Structure formats: structure tokens, C-alpha cells
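# Coordinates in review
Spelled out from the first residue to the last, the chains are:
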There are 2 protein chains.
Amino acid sequence: MPSCTRLCALLLTLLDPVLSGRAEDIDVVVFLPQNNSFLFSSARVAPALRYAQRRLEAGEGNSSVFHFHLHFHSSDSPNEALFALVDRSCARKPDLILGPVREYEAAGVARLASHWNIPMISAGALAAGFGDKNSEFSQLTRIAPQYVKMAETFSALFERFGWRSALLLYEEDKQERNCYFTLEGVYHLMSEYPISQFPVLEGVPLHVDEIVDSMNDSEVVIMCMGADRIRSIMLAAHRHQLTRGRKIFFSIELFNASTYGDGSWRRNDEHDSEAKQAYASLNTVTLLRTVKPEFENFSLEMKSSAEKEGIYDCKDCGSVNMFVEGFHDAMLLYAIALHEAMKHGYSKKNGTEVTSRMWNRTIEGIAGQVSIDTNGDRNGDFSVMAMTDVEAGTFEMVANYFGVNRTLELLPSFRAERFTLKERHEASPLPP
Amino acid sequence: MPSCTRLCALLLTLLDPVLSGRAEDIDVVVFLPQNNSFLFSSARVAPALRYAQRRLEAGEGNSSVFHFHLHFHSSDSPNEALFALVDRSCARKPDLILGPVREYEAAGVARLASHWNIPMISAGALAAGFGDKNSEFSQLTRIAPQYVKMAETFSALFERFGWRSALLLYEEDKQERNCYFTLEGVYHLMSEYPISQFPVLEGVPLHVDEIVDSMNDSEVVIMCMGADRIRSIMLAAHRHQLTRGRKIFFSIELFNASTYGDGSWRRNDEHDSEAKQAYASLNTVTLLRTVKPEFENFSLEMKSSAEKEGIYDCKDCGSVNMFVEGFHDAMLLYAIALHEAMKHGYSKKNGTEVTSRMWNRTIEGIAGQVSIDTNGDRNGDFSVMAMTDVEAGTFEMVANYFGVNRTLELLPSFRAERFTLKERHEASPLPP
């Protein structure tokens, strides 16, 4: 019956905001800590979300049809986010969940979001365990590269330079376990290599001699630890003559990329000169920083918001961190996916259809391209930094790893001898 | 104003079912698995709950004023119970939660129950981590002795016999982790002793020589593992001449107490005779079984219910397990506490007042006294079984440990030489 078909099409147009031009209200629940000691505290991330909201409501990306309502909930204690989600959802379930970042908080929320079919995007939840999207975490999209993506950088380096074994040396706080989860990524991805582990308890004095002993059987030492402890360990390794190609040393510093490296051997104490020599053998893996013109404006606005909030903190001067960028881009990614889903006749309540359109997709984020893989996890680009001027003790990027095409790019500043073992530990088994 | 006071008292009488005699409806949500392979499956436990319900509604313990409405929810997959609780509680929150038993399921439900101030009683959630009742698990009462209580038995034995070190040898399934959590109790409670661990992965072939090697530095070997693996290990230890007082061996078998021990060396194979000799050096820690006359009726009814349900399973012939007893007694304990709380003017919705009245209390349970400590955890009584007839290869109880007064009682069948190390490993440090 053609008249019915026409009527149906008309009704569809009237009911569908994408087709009718009427704005659709989007309820967004945001779980971030109130405590400003986190890089992803609510006060730091909220301005980025509002920035994205303004751009989107002004019509960028065909999304002027959406009105975002941001509801901020604190997630300072472990179960706060989950309980808030449960309690508020009796009346009405949100359309989108942003955060939490920390693993243990994110787990409960991600499970419930998946149970309720609500899209959830986080710039955290970076642990390997969240990768199982078949059941528990089916609605979780990770807008920052998870730790396993960072581990790809090491996998590429090991393959390129023929290293055979690694020691993972990390600080364990038994609470948030950031360094544990960070190196767990390496452990998971590089399971074909002999990998040993040495956890160092937070708050417990460092036994550097024991740590240096633990390096015996490994060619590469990968560390995740506070800057002062890294320095103590590098000094000890240097004194035991393990630097200068006897071992290859890495430190992982994902979140304060702009301030790491250059100068971090310096404490203005009597060990500075020796530390500078030791750090000549230390490489650092960081997130690859890209900048495009539009980023400048965003960055300035974030800085001014932070100052207004009184959370100006020189450790992050001039830098917008991965979490701030990530949550901004999460809004963009969601809007694009929702727009497309609605064009195909799906409602915002159909989380499966919206989430699937965020996966296997590349968008133009605030700082550069954001590419989400087929499993809903962001591909990561990472840099290796090394000391290029041993007199000045300054660091530069010497290699980049690009997650999308899994390539390692050596930069002109790269010096092969820095990545070559001087005397191979013959006891190490060959890699398979 | 005296007239108001009288009016208030009258109103209170009319509104309070305890004082008015009117029945109060109690909504009970029960989380147990549908899968009958568990000792605590819904089909096994439900008859015990209905038995308790009938007793209570018939007026036992002054609780004829309560009408219990039991709502059964399956908890087969890890998050099912939590999601069911969340989804059903929007309309109305339950008054009491029974179960879940398994640690990972119980954790989420116990957190939410505590957040919502709903009393929760489980015959499971036995891991040490649930002991923190100050925040996350404030509403959780454990009606079966948690693993740390079982560990008290070892603590008492070590103290009595002067043993100095232990090896914890356990099967790790990386899923429910029953044996991990069981021995974690020993590890927690006996932290002043040198304790080493040897996890054996489920489904991976047993390397008995490696396991026997791992026994080198320990005087006592405590095992938690399936019966076949225990036998393989005991045979290997016997062949390496570690039995007969060179080491003290224990196996923990909490849940099939009546069928463990006697005969479990027997497989009707060529190793039976050797295994019998090896098992002469194996002691088993089980739950202490008590029987009182009323128990007989209960036991018969449970058996007939199980037969009707078609879950008659000879492994449990004639025995009502700890979970079935525990959940029965949970109903009694709750009714007594609620009755008392209401007499003091508190409503059933005041979980804190109801729960606090279940703690630091001893009640007459279906099989014997049930004593809940000040932290809301049941005190445990355990038995040590040992081979008393080496010809027949039969086992008997040789010692009991009573949790309430923390005493170890040696029975007439006890032989001191069975618990004495023949040659002390002089390298072992003295206990502090």
C-alpha cells in the first residue's frame, strides 16, 4: 500500500531528529575524580568536554541535532561511580557514559554499561583485561591507547634489534597498580620471550643492589617507576658497569611526556654528573605528541580554564594530557557514530549499533588523527627518546612507532650503537 | 502532652508487627547457581530455605510475625547476581539477600548491599578480603567459617608441635580460585612463619618431581587439590622418602567431609598398596561435623528433596553440606535479629540495626550451635583426620579445633609420633 509507505516515511521523518532537524537530547554521565591530584580530574577534563560540546552544538560534524547534557559524578573512592550509576539509572538510564579512568572503578561501570547496552568511552581502562569485548566489556570504547598498544613498541624494537630477554622492573602500590598494568601489557604481548619481573613496593626502601642483581639474566631492562627511583637505579646500574651497551635500559613515561627526559637526571646534587652519564644509556618510551594548528586554541583554553580553577600546575605547563584530549575526542567520536546510527534508523538507546559505529573508524581528533581498531581500542603512536647530546645531557625523539600500520620509524637523530648490546649474554636462549 | 504520648504508643503498636501481632512481609532475594554441579546449587539449598521458612512461620523463635517471600535468582555467570539485584531493586529493594557463594560474584553484591544498607548473609564469600566490614562489606554476615578460621587450626597445630615452616601447594584454576582463597587464609594468618607457595595450574600435567623438590625448605606441606592429584603427590613424596615424619603432610577438604579420607588412597590399581602406606602420613583438615537429634529429620527431608529434583549424587549420600546447613541457619539468624531490632523500634529497612544484631551472637542452628563473632563471621570448628589403622587404611578424627575458645583438643585416637618431625631441617629459622 503506497499511501501507508508514504505515511510511514513521513512519520519516520518527524520522529527522527537526524532527518527532521529537531534536536535530540543526549544524557551524558561523566565519572571523574574531584581530587585534582589526577591528570584526569574532573576540573581538568570538564573544560575539554564543554569545548567539544560547543563545537558539536555549533554544527561541526553534522551534529547540531544533538543537545548534550553533561552530568558530572565524582569517582574518588573505588565503588562511587558504580553506585552513582546504579542509583541514578532507576529513573532514567544515561545515553552515554564517559569514564571512569582507573581500572578497578572502570571495571564495574563497564560491566553494567554493557549489561544495559549503554555506550561507554574512557580515556583510561588501559589494562589488558578490558580487551575482551565479547561479553563483559561489549560497550567499552577506549579512546586512549591501552597498555598492550604501548607494548607493541617494545615488540617492534625487540624484533628490529634482536634482543632476547627482558626484566620488568616496576613500582607496585597494591591499589591503582598503574605500573603493574602498564608492564602487564608487555608481559601479555611478548609472551614468547623470557621475561622476568621485579616488583618494587611503594613506600618501602629501594634495595638497589638486589635490583641490579635481578638484571643478570636479561638483556633489556624496562622500568615503570617514579623519577627519583629511576635515577637511583640508573646510578647503581652505572656503578655496576651495566650501562654503555651491557644492558639496554628503558623507562616508560606515558602521561607527562613533555616534561620527561631532558633534565630528569638533574637534582642539583653531587650525583648529577654521574647521573648524566648513566642517563646516556636510558631510553624513554612516551606517547607520540602531535600538534596541529587547531590544537593551539584548544590548548590555550584548557590552560586558562585550569588557571581559573586554581589547578595550574607547572608539571603540565603548556601541555594538554592524553586524558584531556581523549575525553574531548570521545564526544566527537560518539556524535559521529550516533549520527550515522540514527541515519540508519536506530535510536540512541541502541548502544550496540552506536558503539559498533565508533569501532574500526578514524576521526580527526583535537590533536591529530584518532584511529579506533576493530576491537574498539585506540591504536597508539609512541616515541622513543634518548640522550642525543651527552655534554648537555639533553634528550630527543630518536624513533617513532605507529600503531595503525605497525611500523617503527628511525629518525635522523637515531644512533644504532645506543641500541646494540656490546656483549651478548650467551646464556640467553634464542627467541623462537 | 500525655495524650499524644499515649496516641504515639498506640500508633506504634498498630504499625509495629512485632508489637501488634500483624505479620510483616520479608522480601528475600536468593542468589544461587542453577547449575547442579555445585554443592550450593539452588536445587540443593532451596529445600533448606523452605524448611527454615516453615519452621519460622510456624512460630519457632517468636518469628511467626514474619512472612518470608523467597525470590530465587540464578547466579551462574560472574555478574548475573549483581545485575539481577540492580535491575530488580529499582522497583523495590529486598529486605534480605542470601548468597552468592562464589567470591567474585559475592563481592559485587556485597558492595551494593552495603551501599543500600540491606542485610546480606552468605554461606560462602569465604575469602580473607571480605573481612573488612568497616566500609565495603558492612552488611555482610558470613554463616560459614571463612578460610582464615580454618587457618586457625593450622596456627594452633604449629604452635602445639613447634613446626617452623610451611609449603602451600594448591590447584589454581584462575577462575573461582577456591584453593587459592583457601590457602590464602593460612598465608594471612600465619604471616610470622616462612611460608612458600606452589600453585599448580588446573588442566596442566602435574610435574611431581618439581613439586617434591619444592618441599625441600618446608617442614609442613599443606595441600588443596583434587583427590587424584593429592594421591600422585603423596605417592611421589613416599617414593622420595619424605613421608614417615620427614615432612608433615596435610590435605584440606572442607566441603565433602563425610566422604574424604577413608578409602581415598584406593583406586583399585597397582599403586593401592603403596598409596595406603603414603596416606599413613597424610592428615586431613575438615569441618567438624556435629549431629543432634533434630538434624536427622532435616537431613532426611533434604535427601528426599534432592532425589525428587533428580540431583541425588552419591558423593553426598546421607550428608547435608555446609552450604545447605548454612543457608538454613541464615534464615533463623536473620529472624532472631530482625525480631529484636523491631522490638527496639527499628524497621526491617534499617539494615545496620538488623545486621548488628546478627553479630556477636550464638544461635542453635540445624546441626548444632552457630556462633557469629563480633566481626559478623562465623567461628569455625574443624577436625584433623589421620589413618589410625594402617592395615585397613582407615581414617579417624584425631583432633578437633574449636574456634569460639580457640582450643585444640586431642582425641584418644591421637598419636603424637604422627605429628613429630623425625629429623629437623636445621636450616629452617626458628619461629619468632
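Residues numbered from 1 in each chain as written. Chains lettered and ligands numbered in written order. Predicted model: local features only at pLDDT ≥ 70, side-chain atom pairs only at ≥ 80, totals over all residues. Heavy atoms only, no water.

### With respect to the overall build of chain A
The secondary structure content of chain A amounts to 13 helices and 15 strands. Within chain A, the fraction of its 432 residues that count as buried is 56%. For chain A, contacts bridging at least 24 residues in sequence account for 70% of all contacts bridging at least 6. When the accessible surface of chain A is summed, it comes to about 18400 Å², and 50% of that surface belongs to carbon and sulfur atoms. (Helix = DSSP H or I, 4+ residues; strand = E, 2+ residues; numbered from the N terminus. Buried < 20%, exposed > 50% of the residue type's maximum accessible area, 1.4 Å probe, protein only. Contact = heavy atoms within 4.5 Å. Areas by Shrake-Rupley, 256 points an atom, 1.4 Å probe, with all protein chains shown as cover.)

### Some thoughts on the side chain of B:Ser281
All names here are of chain B. Within the element layout of this structure, Ser-281 appears in the loop between α10 (272-279) and β10 (282-287). Here the side chain of Ser-281 touches Arg-244 through a polar contact of 2.9 Å, landing on its backbone nitrogen. Setting aside residues no more than four positions away along its own chain, Ser-281 makes contact with Met-234, Thr-243, Arg-244, Phe-249 and Arg-418. (Polar contact = N/O pair within 3.5 Å; in protein donor to acceptor, adjacent residues only side chain to side chain.)

### Topic: the pattern of salt bridges
Charged atoms that come close allow side chains of opposite charge to pair. Residues and elements named next belong to chain A. Under the criterion given, the structure shown has 44 salt bridges over all chains. For Arg-177, the salt bridge identified is with Glu-172, shortest N-O distance 2.7 Å. Taken together, the salt bridges that share partners define one network made up of Glu-24, Asp-95, Lys-348 and Lys-349. (Salt bridge = Lys/Arg side-chain N within 4 Å of Asp/Glu carboxyl O.)

### Focus: the environment of A:Met342
Topologically, A:Met342 is positioned in helix α12 (residues 322-343). Looking at A:Met342, the relative accessible area reads 3%, which means it is buried.

### Concerning the packing of aromatic side chains
For any pair of aromatic rings, the description consists of the separation of the ring centres together with the inter-plane angle of the planes. All chains considered together, the criterion is met by 39 aromatic pairs over all chains. Arranged with centres 4.9 Å apart and planes meeting at 20°, the rings of B:Phe414 and B:Phe419 form a pair that is stacked. Assigned by exposure class, B:Phe414 and B:Phe419 land together as buried. Members of the aromatic cluster, each reached through a chain of ring pairs, are A:Phe154, A:Phe158, A:Phe161, A:Trp163, A:Tyr193, A:Phe250, A:Phe414 and A:Phe419. The residue whose ring lies beneath A:Arg177 is A:Tyr180, and the NZ or CZ to ring-centre distance is 3.9 Å. The cationic tip of B:Lys93 hangs over the ring face of B:Trp116; the distance from NZ or CZ to the ring centre is 4.6 Å. (Phe/Tyr/Trp six-rings, centres within 6.5 Å; stacked < 30°, edge-to-face > 60°. Lys NZ or Arg CZ within 6 Å of the ring centre and 35° of its normal.)

### Here we look at the relation of the copies chain A and chain B
For the pair chain A and chain B, the best superposition has an RMSD of 0.0 Å and corresponds to a rotation of 180° with a translation of 0.1 Å parallel to the axis. In symmetry terms, the pair is related by a two-fold rotation axis. Closest approach to the rotation axis within chain A is made by the C-alpha atom of A:Cys90, at a distance of 2.6 Å. (Least-squares fit on C-alpha atoms with pLDDT ≥ 70 in both.)

### Considerations on the confidence of the model for chain A
Residues and elements named next belong to chain A. Of all residues in chain A, 88% attain a pLDDT of 70 or more, and the chain-wide mean is 88. In the predicted structure, residues 257-261 sits below a pLDDT of 50 and forms 11 contacts with residues beyond four places in sequence or in another chain. Considering only residues more than four positions removed or in separate chains, one finds that residues 425-432, a stretch of pLDDT under 50, has 15 contacts. The ipTM for the predicted assembly is 0.78, set against a pTM of 0.84. (pLDDT = per-residue confidence, 0-100.)

### A few points about the sheet that holds strand β1 (residues 24-32) of chain A
All names here are of chain A. What the five strands build is an open sheet, ordered β2-β1-β3-β4-β5; its pairing is parallel. Each having just a single partner strand, β2 (66-74) and β5 (140-142) make up the two edges of the open sheet. On average, each strand axis in the sheet is tilted by 25° relative to the strand beside it, whichever way the strands run. Sheet analysis places β1 next to strand β3 (residues 96-98), joined by three bridges and oriented parallel. Its bridge partner being in β3, Val-28 is matched across the sheet by Leu-96. Against the sheet, helix α4 (residues 80-89) contacts β1, β2 and β3, and its axis sits at roughly 130° relative to β2. Against the sheet, helix α5 (residues 103-116) contacts β1, β3 and β4 (120-122), and its axis sits at roughly 155° relative to β4. (Pairing = 2+ DSSP bridges. Axes fitted to C-alpha atoms, helices over the stretch in contact; angles between N-to-C directions.)

### Structural notes on α5(A)
Note on helix geometry: an α-helix contains 3.6 residues per turn, so any two residues three or four positions apart are oriented the same way. Residues and elements named next belong to chain A. Compared with an ideal rise of 1.5 Å per residue, which puts 14 residues at 20 Å, α5 spans 20 Å between its outermost C-alpha atoms and is within 8% of the ideal. The buried fraction of α5 amounts to 11 of the 14 residues, a majority that puts the element mostly inside the structure. Buried within α5 we find Glu-103, Glu-105, Ala-106, Ala-107, Gly-108, Val-109, Ala-110, Leu-112, Ala-113, Ser-114 and Trp-116. Asn-117 occupies a position one or two residues after α5 and carries a positive phi of about 65°. (Expected span 1.5 Å × (residues − 1).)

### A closer look at the state of the cysteines
In this structure the tally under the stated criterion is three disulfides over all chains. Covalent S-S linkage joins A:Cys90 and B:Cys90, the inter-sulfur distance amounting to 2.2 Å. Judged by the torsion about the S-S bond (-90°), the A:Cys90/B:Cys90 disulfide is left-handed. Residue A:Cys90 is found in the loop between α4 and β3, and its partner B:Cys90 is found in the loop between α4 (80-89) and β3 (96-98); the two belong to separate chains. (Disulfide = S-S within 2.5 Å.)

### Some details on the nonpolar core
Membership of the largest hydrophobic core comes to 222 residues, with the highest contact counts inside it found for A:Ile222, A:Phe250, B:Ile222 and B:Phe250. The residues contacting A:Phe250, other than those within four sequence positions of it, are A:Phe154, A:Leu157, A:Trp163, A:Val220, A:Val221, A:Ile222, A:Met223, A:Leu282, A:Asn283, A:Val285, A:Val384 and A:Phe419. (Core = buried A, V, L, I, M, F, W, Y, C linked by side-chain atoms within 4.5 Å.)

### Side note on the sheet that holds strand β15 (residues 407-410) of chain A
Residue and element names in this part refer to chain A. Taken in spatial order, the eight strands of this open sheet run β7-β6-β8-β9-β10-β13-β14-β15, and their pairing is mixed. In the strand order of this sheet, the two ends are held by β7 (195-201) and β15, each with one partner. Averaged over neighbouring strand pairs, the angle between their axes works out to 25° when direction is ignored. Relative to strand β10 (residues 282-287), strand β9 (residues 248-252) runs parallel, the two being bridged by four bridges. Across the sheet, the residue bridging to Ser-251 is Thr-284, located in β10.

### What to know about the side chain of B:Thr243
Residues and elements named next belong to chain B. Along the chain, the position of Thr-243 falls in the loop between α9 (227-239) and β9 (248-252). A relative accessible area of 4% means that Thr-243 is categorised as buried. Within the structure, Thr-243 has its side chain in polar contact with the side chain of His-238 (distance 2.8 Å). Beyond its immediate chain neighbours, meaning those up to four positions away, Thr-243 contacts Met-234, Ala-237, His-238, Phe-249, Ala-278 and Ser-281.

### Regarding the interface of chain A and chain B
Every contact between the two is made by 10 residues of chain A and, on the other side, 10 residues of chain B. Counting the surface lost from both chain A and chain B, the interface buries some 1100 Å², and carbon and sulfur atoms represent 67% of this. For chain A, the biggest contributors to the area lost against chain B are A:Phe83, A:Cys90 and A:His115; these three give 40% of the whole. Viewed at the interface, chain B and chain A are joined by zero salt bridges. Applying the counting criterion to the chain A and chain B interface returns six residue pairs in polar contact (both at pLDDT 80 or more). Every element with two or more residues in the side of chain A that touches chain B is listed here: α4 and α5 of chain A. In terms of residue count, α5(A) provides more of the side of chain A that touches chain B than any other element does, four residues in total. Considering only residue class, the side of chain A that touches chain B consists of five nonpolar, two polar and three charged. (Buried area = accessible area lost by both parts, 1.4 Å probe. Nonpolar A, V, L, I, M, F, W, Y, C, P; charged D, E, K, R; others polar.)

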